[in-house]
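# Structural overview for review
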Amino acid sequence: MHPAPSVIVFTTFSGLGFGLLFWLGLGWPGVTGLSAFAFFTIAYLLAVGGLLASTFHLGHPERAWRAFSQWRTSWLSREGCAAVAALLVMAAYGAGLVFAGQRILWLGWLGAALSIATVFTTAMIYSQLRTVPRWRHWSTPALFLTLSLGGGALLAGQTRFALPLLVLAGLLQAWAWHDGDSRLRRSGTTLATATGLGQIGAVRSFAPPHTGTNYLLREMVHVVGRRHARRLRVIALVLGFALPVVLLLLPFAHWLAALAVLSHLAGVLALRWLFFAEAEHVVGLYYGAHQGQA
Amino acid sequence: MTALPPPSAVRLGLVIDLDTCVGCQACVISCKGWNTENYGAPLSDQDPYGAAPAGTFLNRVHSYEVQPPAAPAQIVHFPKSCLHCADAPCVTVCPTGASYKRAEDGIVLVNEDACIGCGLCAWACPYGAREMDAAAQVMKKCTLCVDRIYNAHLPEEDRVPACVRTCPSGARHFGDLGDPDSAVSRLVEARGGFDLMPEQATRPTNKYLPPRLRDHVEAPSVLAPYLTPVADTPKGFLGWLDRALGALPGGAE
Amino acid sequence: MEWHDKRPDGMTQQPRIDLSPRISDEMRQTTCYMCACRCGINVHLKNGKVAYIEGNRDHPVNKGVLCAKGAAGIMQVNAPSRLRAPLRRTGPRGSGQFEEITWDEALAQATAWLAPLRAAAPEKLAFFTGRDQSQSFTSLWAQAFGTPNYAAHGGFCSVNMAAAGIYTMGGSFWEFGQPDWELTRLFILFGVAEDHDSNPIKIGIGQLKARGARMIGVNPIRTGYNAVADDWYGITPGTDGLLILSLIHLLLKAGRIDLDYLARYTNAPVLVNEDPASPQNGLLLRDEDGHVQVIDRRTGALARWDGAGVEPDLAGTYRHAGVTHRPVFHQIVERYLSDTYAPENVAGLTGIPAPRIRQLAAEIARTAFDEAITLDRPWTDFRGVEHATMTGRPVSFHAMRGISAHANGFQTCRALHLLQILIGAVETPGGMRFKPPYPKPATAHPKPHCKVTPGQPLGGPHLGYVQGPEDLCLDEAGNPARIDKAFSWENPMSAHGLMHMVISNAHAGDPYRIDTLFMYMANMSWNSSMNTSGTMQMLTDQDDNGDYVIPHIIYSDAYSSEMVAYADLILPDTTYLERHDCISLLDRPICEAGAVADAIRWPVVAPDRDVRAFQSVLCDLGHRLALPGFVNTDGTAKYADYADYITNHIRRPGIGPLAGWRMGEGGLQHGRGTANAGQIDNYIAHGSFWIEHVPEDAAYYKPWSQAYQDWAVRMGFYDTPQPYIFQLYAEPMRRFQLAAEGEGTRQPPDHLRGQIIATMDPLPVWYAPLSDGHTDPVSYPLHALTQRPMAMYHSWGSQNAWLRQIHGHNPLYLPTSVWETQGFAEGDWALVTSPHGSITVPVAHMAALNANTVWTWNAIGKRKGAWALDPAAPEATKGFLLNHLIHELLPARGDDLRWANSDPITGQAAWFDLRVRVEKCPAQFTSQPDHPAIGAPVAQGPATLAWTVGK
Ligand SMILES: Nc1nc2c(c(=O)[nH]1)N[C@H]1C(S)=C(S)[C@@H](COP(=O)(O)OP(=O)(O)OC[C@H]3O[C@@H](n4cnc5c(=O)[nH]c(N)nc54)[C@H](O)[C@@H]3O)O[C@H]1N2
Ligand SMILES: Nc1nc2c(c(=O)[nH]1)N[C@H]1C(S)=C(S)[C@@H](COP(=O)(O)OP(=O)(O)OC[C@H]3O[C@@H](n4cnc5c(=O)[nH]c(N)nc54)[C@H](O)[C@@H]3O)O[C@H]1N2
Ligand code: SF4
Ligand code: SF4
Ligand code: SF4
Ligand code: SF4
Ligand code: SF4
Ligand SMILES: [Mo]
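What you see is a predicted model; the values in this text were computed from it and never measured. (Residues numbered from 1 in each chain as written. Chains lettered and ligands numbered in written order. Predicted model: local features only at pLDDT ≥ 70, side-chain atom pairs only at ≥ 80, totals over all residues. Heavy atoms only, no water.)

When you go through chain B residue by residue, the secondary structure sums to 8 helices and 11 strands. Whereas a compact globule of 253 residues would reach a radius of gyration of roughly 18 Å, chain B reaches 26 Å, over 25% beyond that. Counting only C-alpha atoms and orienting by the principal axes, one finds that chain B spans roughly 85 × 50 × 45 Å. The buried share of chain B, reckoned over its 253 residues, is 68%. Here the contacts in chain B between residues at least 6 apart in sequence split such that 59% fall between residues at least 24 apart. For chain B, the exposed surface amounts to about 7700 Å²; the carbon and sulfur share of it is 60%. Taken as two groups, the 21 positive and 28 negative side-chain charges of chain B have centres that lie 1 Å from each other. (Helix = DSSP H or I, 4+ residues; strand = E, 2+ residues; numbered from the N terminus. Rg over C-alpha atoms; globule rule 2.2 N^0.38 Å. Buried < 20%, exposed > 50% of the residue type's maximum accessible area, 1.4 Å probe, protein only. Contact = heavy atoms within 4.5 Å. Areas by Shrake-Rupley, 256 points an atom, 1.4 Å probe, with all protein chains shown as cover. Lys, Arg positive; Asp, Glu negative; His and termini not counted. Charge placed at Lys NZ, Arg CZ, Asp CG, Glu CD.)

This part is about the packing of helix α1 (residues 5-26) of chain A against helix α3 (residues 75-100) of chain A. Residues and elements named next belong to chain A. It is the contact of α1 with α3, at a shortest axis distance of 11 Å, that shows an interaxial angle of 40°. With respect to each other, α1 and α3 are oriented oblique. Our pair here, α1 against α3, has a crossing hand that is left-handed. Here Phe-10, Phe-18, Leu-21, Leu-24 and Gly-25 of α1 lie close against α3, whose contacting residues are Glu-79, Ala-83, Ala-86, Leu-87, Met-90 and Tyr-93. Here the residues of the contact of α1 with α3 are counted per class, giving 9 nonpolar, 1 polar and 1 charged. (Axes fitted to C-alpha atoms, helices over the stretch in contact; angles between N-to-C directions. Parallel < 35°, antiparallel > 145°, perpendicular 65-115°, else oblique. Left-handed = near helix turned anticlockwise from the far one by under 90°. Nonpolar A, V, L, I, M, F, W, Y, C, P; charged D, E, K, R; others polar.)

Here we come to the sheet that holds strand β3 (residues 26-31) of chain C. Residue and element names in this part refer to chain C. Spatial ordering of the open sheet is given by β3-β4-β5, a layout of 3 strands whose pairing is antiparallel. The two strands at the open ends of the sheet, each matched to only one other strand, are β3 and β5 (49-55). Looking at each pair of strands side by side, their axes are set apart by 30° on average, direction ignored. With 6 bridges joining them, strand β4 (residues 40-46) and β5 adopt antiparallel strand pairing. Bridge pairing links His-44 to Tyr-52 in β5. (Pairing = 2+ DSSP bridges.)

Our next topic: helix α1 (residues 26-37) of chain B. Residues and elements named next belong to chain B. Its 12 residues place the ends of α1 17 Å apart at the C-alpha level, agreeing with the 16 Å of an ideal helix rising 1.5 Å per residue. Most of α1 sits out of view: 12 of its 12 residues are buried. Within α1, burial applies to Ala-26, Cys-27, Val-28, Ile-29, Ser-30, Cys-31, Lys-32, Gly-33, Trp-34, Asn-35, Thr-36 and Glu-37. (Expected span 1.5 Å × (residues − 1).)

Quick look at the pattern of salt bridges now. The tally for this structure, following the rule as stated, stands at 76 salt bridges over all chains. A salt bridge links Asp179(A) to Arg186(A); the shortest N-O distance between them is 2.9 Å. Exposure remark for Asp179(A): the relative accessible area of 12% places this residue in the buried category. Between Asp484(C) and Arg482(C) there is a salt bridge, with its nearest N and O atoms 2.9 Å apart. Accessibility classification places Asp484(C) together with Arg482(C) in one group, the buried group. Within the structure, one salt-bridge network assembled from shared partners comprises Arg134(A), Asp181(A), Arg233(A), Glu278(A) and Glu280(A). (Salt bridge = Lys/Arg side-chain N within 4 Å of Asp/Glu carboxyl O.)

In structure tokens, the structure reads:
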């Protein structure tokens, strides 16, 4: 898939933001007043900023309001609804903390649940797609969730949660890459099933329908060099998980924590880039892509 | 709404004959022409006279090379447009309800006025049947020429999709695949019509007819009798000729 | 769209949409000219603009369907490359620098150049008209001018096919004939990628498939039609003649031939003069009146071939003065039963294993004779013999440039016709059928005229069918009279001229220099010339005085093509939807086997530029030059424009350009009649075409059927019945051989004697393509071919925003052997070298390909700056022409002679005799040769197209 910056930024930042909101909803850290204001500002900047970034991906952002209507069937619609609900609930909750110094427990828990549900719906947008075998797997929501929770905990300064979550996320990610590499092959979709010509013999794309490019090729047939991908994976693992964990294990210092956050952020951006760039859409088969894997 | 309607009795679609398609691209251009002028936004072209021309097409014809184990390689021309799937994933993913499957005939359409151009439906389609128009920024797809097949301004015989009407070799068939007695259903039955990517569980309405057996070599015993020499030398041949001519009507004998 | 419909389940809603939008304000029917196939189209207009084009269901050619090009016509009439006004060159030739001038200035300029030529030396005008569909008109103009130098593009296109067909059986494929699509059981296609008969072939193949009939493709390349063939014979280029003669060998040997048919309808029973001492040796025996002789089986005696009730004997011989004269059939038997043609002996050269050749022959035999068709339709032949039924051999063939565009193409086409005729599958049910006004034997066609008289018209048509040396176009000294050397000893039977030699010969001053080259619709500085770079050079070369070697070039194009930049004066044409045209029975009409038909084009939209239809411009020029036939006695213009000519021109009494709706005594009638002022309106009211069906009892056996002959006379094809027999033995060819053997007064130059004797055999022969004698097959082991893409027409297509997305560039396809031996991978480039030059191009792999063949799509490559495209367009950077590797002359071999790369019989350009070698090279950004951008008189097109005419 085409690794569109808007979508990478969206999933990364909103994931972090809703992760932070989740911990704030649970009352970890139990901040009020100005420091609550600071935490909530960061969380909202990340979550709302991410959501706004996602609208850059839209052809008609002015009609984005329509996207709330199909929550009964569409994960994207559900995500919109969940995000707005989470943001509204957490706003009320946060207002209580900041302006009244009051923590409305049930509201926080509700907000936390909605926040993490939002992350889940985001993950399901990808995970539901049978057309991208690499995504269509329980590990996709699992990863989105652990990353969001881990990153959120990191931002929230909840080292005791952040450490195990980041380790878990890193392991999960490493495994997901390994396992994901063969999912297209295991999916059973090949150029032979795509064309139905497999009965006759080995099928190969001879000529594309048009000599130029098109929307499908730009959007869905993105091929990353294997060496390039491997290098990026290592970088993502180091920055996203290894380095933050090491930094967290060091004696606490604000700059170290800040560095851990930045490193994690950079790592997640890298792995999100890979999340899209490495995802093989089966339509690529029609254009002769992924033949080695299929 | 993006919920799929209950399965309709009428299921309109195309049957494409891979045995007959010569890859002429007529269907591609007639589709472009009709749909630029009709349903929804025109199918635009970017950089049409430039270095990287790219436009929106609802129907494209691929070519594949197939190498059988013990026969010469073959080329198969392969037209592809929306298959109007029974379990259309492109519909259920749509957040706005712009994508929908018509309850009465199963045609899958995009209501362009409601489309936000998120692209998710194109991601959900395994066949590459949806293309975002770069000028209108809305999702375009084959409409099965819904504005032709019921069009009262058209003579009855022309109420078929533009691509079907134009296909010079008759490789495209349109009809009701919900009706087992329709011409298209019988064609599918007779020729072993198949689904593309059945494992994607989209249950396409459109069907493809496989190429017939090619380069089949008959046993020498079947063919040899046709070439048994009548005589081995020109002289002997002329002797045969005399006899053969005698046997013709009005012959000398 | 509103959201209000309740769905039947009541659960959700779906938008209401307009299921019956209006298609257009108005529909106008005319004839497509996105290619030469001439389909009928419905042009839908909104607000006076073209909104949508679809096929006309009632039209005999396309029956409603339309190809990709036809449907893309809207992009052509709106193309930014359209020329806008007459142009005068301001920069040097080839610079593309022009100024716009008025039509008066343009026509005055042309007249100023042409009038003195006509008065002093009309041959100094060479008027050649590319893909002209108005040849009966343009040739009339050239005749009136008095130059012998006129032809259209046939010489570089497919004259071998046309001439071999006419000389053998009075018609060929495409506009002359077609398979009996309804009845044929086995269809064998030789060397066709697309053909002029574009939609009809596709419709036909669809019909065959629907009926479960079999189709076989003989072609080095397996794409398109060959991809849907049930069987594929991946033959080595240039060897079809051998394969066909081997099939003939097998069929003869097995006696699987139609003896009755051969005896009655061909010259197989005609006696050949076998007296080696006779000056007539090898010619057919004739009686005093010149009628060829057969032995009548009823009497055993000599008889006229067409005598009433005569039953010609295939076996009968005639002994006279100690010499036995045998019929043609004996020579056929003797020659083709020879082991030379045994499958085992041709397998190596053709690349087809012997068992496959046998399989093909057996399939032909089985279908022709086991599956014979009998129609209960009585008919009477020209000898007065009544037949109760019509017997069909349901095997049909079709062929085009794959066998004709070789230097042995004429004989290969003849071989194919011989095969068709031997099994009795021409003009019989299920076989091949002629399209009226064909069949028409060579003897019924005119002979070429070349006698120049300053200030006077030519004595008759330029082109025609020679019967022997006496008909050649030579001057007193025996040198070629025409600039293209047509009808000279180099290529005696060049029925369509040799357009591809004009620039080369004019530049070399061989046979003489010319003053003005006047061209129409031919992209000679690009894809229509062999040796493209050389041609550009010749067009820009200057003599010692700094004058161009070809002093004046006038050109009419509708678009900013590569050729425009090389002309001095441009006469901008309209597009096909903006003008009148006439697809005439005098020309290349739209007939089908079962019907005679012709058609028109008319301006369904008005031009929005200062352009004029070329034919109308010729009417005007004809008036300015006072050409006979173009001025009235009072000196006024005879024709206001082409529409006026179409309506009022009378070719022979009762015959005009259009056969429909002529005026008779009792009102409107078809075929013959006087001019009808409302004729064009009648056509428009009838979808722009006229059709009349052949009567049922005349539908087959046309050359021999009394009913058909009478109908043809009624329709005005000819003035008296003209039955004839097929010429398996082509006597005119023997006449040239005799001359080369020293017989007669008109003698060929010595260096051509051997070639004439070897190639002009009156019975089909196969000889290796001539270039093989000039090229070392070891250094150049691969054959290089081009194919027409179905969605592109020559160079015109690339200006079309829709079509160019399908074919924006063209890889060179390499067979698996080459691909693997040299370790090619996707994205690689190769250096391709022929004896004439090198090109560097992108390559791709293809397994479904003859192992010794490489190929690419024709005419996708474009010159930078042409066609209103960005100079960085893929057509100009990655696209390429194979033409750079081809030469109009064969490689020199030290005899100081210019040997044309053409068929030695007809002059057909031998495009497909090209041999190359391929070497992997580093990837490039631009294919080579990379000619610098040319200037253009038009601006580049817009950055985006998104328009709906009706909104
Ligand atoms: N390598 C290779 N080269 C080949 C061939 C091949 O097989 N291989 N084939 C050869 C053959 S068979 C042919 S016929 C030639 C074809 O070659 P051409 O006959 O030259 O075909 P084009 O270049 O497409 O068209 C000629 C010109 O006609 C102009 N034109 C189009 N429409 C109009 C119109 O309405 N009015 C006027 N006045 N001009 C118009 C176009 O702009 C173009 O400049 O190519 C030959 N060249
Ligand atoms: N779409 C489209 N249609 C066209 C045209 C166009 O440009 N585009 N051009 C028109 C014109 S001007 C012409 S002349 C016709 C030509 O129509 P075609 O005769 O179909 O011409 P080509 O495309 O040159 O195809 C030649 C075919 O012959 C094969 N071939 C080459 N050498 C040999 C051989 O030795 N033996 C055999 N058996 N096959 C061989 C090639 O592989 C190729 O398939 O098409 C006309 N129709
Ligand atoms: S082919 Fe694609 S766009 Fe069409 S219905 Fe099926 S999934 Fe949807
Ligand atoms: S692009 Fe339009 S039709 Fe497709 S899912 Fe998004 S809103 Fe729905
Ligand atoms: S049915 Fe209509 S919209 Fe669909 S591919 Fe055919 S022409 Fe295009
Ligand atoms: S129009 Fe018909 S033959 Fe041509 S590409 Fe389309 S389906 Fe194939
Ligand atoms: S074959 Fe196509 S381009 Fe040629 S005349 Fe017919 S519709 Fe037009
Ligand atoms: Mo041609």
